[in-house]
Amino acid sequence: MSGLNCKIFVAGHRGMVGSAIVRQLEANGHTNIITRTRSELDLTNQQAVVDFFQNEKIEQVYLAAAKVGGIVANNTYPADFIYENLMIQCNIIHSAHLANIQQLLFLGSSCIYPKLAEQPMQETALLTGTLEETNEPYAIAKIAGIKLCESYNRQYGRDYRSVMPTNLYGANDNFHPENSHVIPALLRRFHEAKLNGDTEVVAWGSGKPMREFLYVDDMADASIHIMNLAKTTYDENTEPMLSHINVGTGVDCTIRELVETVAKVVGFEGQIKFDTSKPDGAPRKLMNVERINSLGWYSKVSLEDGLKTTYDWFLKQRNNYRN
């Protein structure tokens with residue numbers, strides 16, 4: 001265990017997850033958190049990353065930096081998604097090793113699992129089937145990140161760990177009208193419908209698919225929990241070539257229930273209609289969280305409470321998102 005003055009680098013500190021990790025570390029009393037903006041350090045530049053680690057004498061790394069986006073972005077820029085994510089991961093993990101940093105936590109994504117993985121998805125489902133086509137390049141990069149960590153552990157005795165979150169939402173999420181994920185998209189749509197005095201909002205699909213959502217501050221809490229587990233505890237609960245840990249609530253809801261909860265949180269009192277001509281996507285995506293629960297971590301924030309906090313944040317920021 002490292003003390004509160006441990007020198008910690010959070011890569012991707014301006015993103016939704018990275019910013020939550022910084023908030024949580026600060027709340028826990030950490031006083032030596034190192035961050036760099038993209039203009040200060042280009043994580044795709046190998047020499048720049050090597051020099052940064054050699055100069056800064058970092059002790060712990062949270063690798064939350066990534067190029068992320070929705071289905072449209074993943075389909076439009078597949079080369080960017082696989083290249084940039086592979087470069088960021090390779091540069092940080094290898095440079096951390098060269099600088100003799102022993103502790104690193106890599107943050108992945110539930111999209112690493114096969115498209116038709118058995119529900120709820122267990123860690124053992126990795127590499128057992130075909131990936132979802134729309135974000136395969138991104139998923140391949142994330143799988144490579146897990147295997148990089150495992151390979152440095154096996155060859156060099158490092159303690160590089162990986163966590164795979166379910167669908168995340170919260171402060172610093174992307175509320176862009178065209179390319180945001182489902183929760184920020186719904187919050188914005190219902191907010192604008194309320195402002196405009198609309199009598200109904202149309203949601204895509206049947207509302208029947210089931211999804212799991214985790215509030216980003218819970219994800220930050222889980223990340224720090226996993227980082228600070230004793231190495232013997234982590235090793236006893238994982239396998240050298242299957243070492244990643246799912247992070248989620250272990251509970252899902254229908255899209256209809258999600259839509260109705262968002263409407264309630266925003267205060268939209270009109271009708272909700274579902275456009276069944278629009279696609280539903282996978283019928284269910286739920287993480288098996290037995291491994292992380294057995295390690296003493298459980299999610300704390302309910303969906304409704306997390307949505308309220310996220311909506312409050314959006315209201316404070318909304319001028320940034322007006323067209």
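Residues numbered from 1 in each chain as written. Predicted model: local features only at pLDDT ≥ 70, side-chain atom pairs only at ≥ 80, totals over all residues. Heavy atoms only, no water.

Caption draft 1: Representation of the side chain of K142 within the structure. The topology assignment puts K142 in helix α5 (residues 136-156). There is no salt bridge for the buried K142, and the closest opposite charge comes from E84, which lies 12 Å off by N-O distance. Residue contacts for K142: discarding those within four places in its chain leaves A66, Q89, F106, L107, G108, S109 and I112. (Helix = DSSP H or I, 4+ residues; strand = E, 2+ residues; numbered from the N terminus. Buried < 20%, exposed > 50% of the residue type's maximum accessible area, 1.4 Å probe, protein only. Lys, Arg positive; Asp, Glu negative; His and termini not counted. Salt bridge = Lys/Arg side-chain N within 4 Å of Asp/Glu carboxyl O. Contact = heavy atoms within 4.5 Å.)

Caption draft 2: Looking closely at the nonpolar core. Counting 72 residues, the largest nonpolar core has F9, F53, Y62, I92, L104 and I226 as the members making the most contacts within it. Core analysis: the second largest hydrophobic core is formed by 26 residues, Y169, F213, V265 and V266 among them. (Core = buried A, V, L, I, M, F, W, Y, C linked by side-chain atoms within 4.5 Å.)

Caption draft 3: Just the pattern of salt bridges, in detail. Applying the stated criterion to the full structure yields 14 salt bridges. For D235, the salt bridge is made with K231, and the minimal N-O distance between the two is 2.8 Å. With D235 and K231 both in helix α8 (residues 231-237), this residue pair falls 4 residues apart, about one helical turn. The partly exposed category is assigned to D235, whose relative accessible area is 37%. By relative accessible area, which is 37% here, K231 ends up partly exposed. What you see here is one network of salt bridges that share partners, running through K7, R36 and E56.

Caption draft 4: Region of interest: the sheet that holds strand β8 (residues 210-211). With respect to topology, 3 strands assemble into an open sheet ordered β11-β8-β13, the strand pairing being mixed. Bordering the open sheet on either side are β11 (253-254) and β13 (284-285), each of which pairs with just one other strand. Across 2 bridges, the pairing between β8 and β13 is parallel. Within β13, the residue paired with R211 across the bridge is K285. (Pairing = 2+ DSSP bridges.)

Caption draft 5: Up close: the environment of V265. Structurally, the position occupied by V265 is in helix α9 (residues 255-266). Residue classification places V265 among the buried positions, given a relative accessible area of 15%. Placed 231 residues apart in sequence, V265 and I34 show a C-alpha to C-alpha distance of 36 Å. Filtering out sequence-adjacent residues up to four positions away, V265 remains in contact with E304, L307, K308 and Y311.

Caption draft 6: Looking closely at the sheet that holds strand β1 (residues 8-11). Pairing within the open sheet is parallel, and its 6 strands lie in the order β2-β1-β3-β4-β5-β10. The open sheet is flanked by β2 (33-34) and β10 (245-247), the only strands paired with a single partner. Pairing geometry for β1 and β2, over 2 bridges, is parallel. Within the sheet, the bridge partner assigned to F9 lies in β2 and is I34. Here α5 sits on the sheet in contact with β4 (103-107) and β5 (159-165), set at roughly 155° to β5. (Axes fitted to C-alpha atoms, helices over the stretch in contact; angles between N-to-C directions.)

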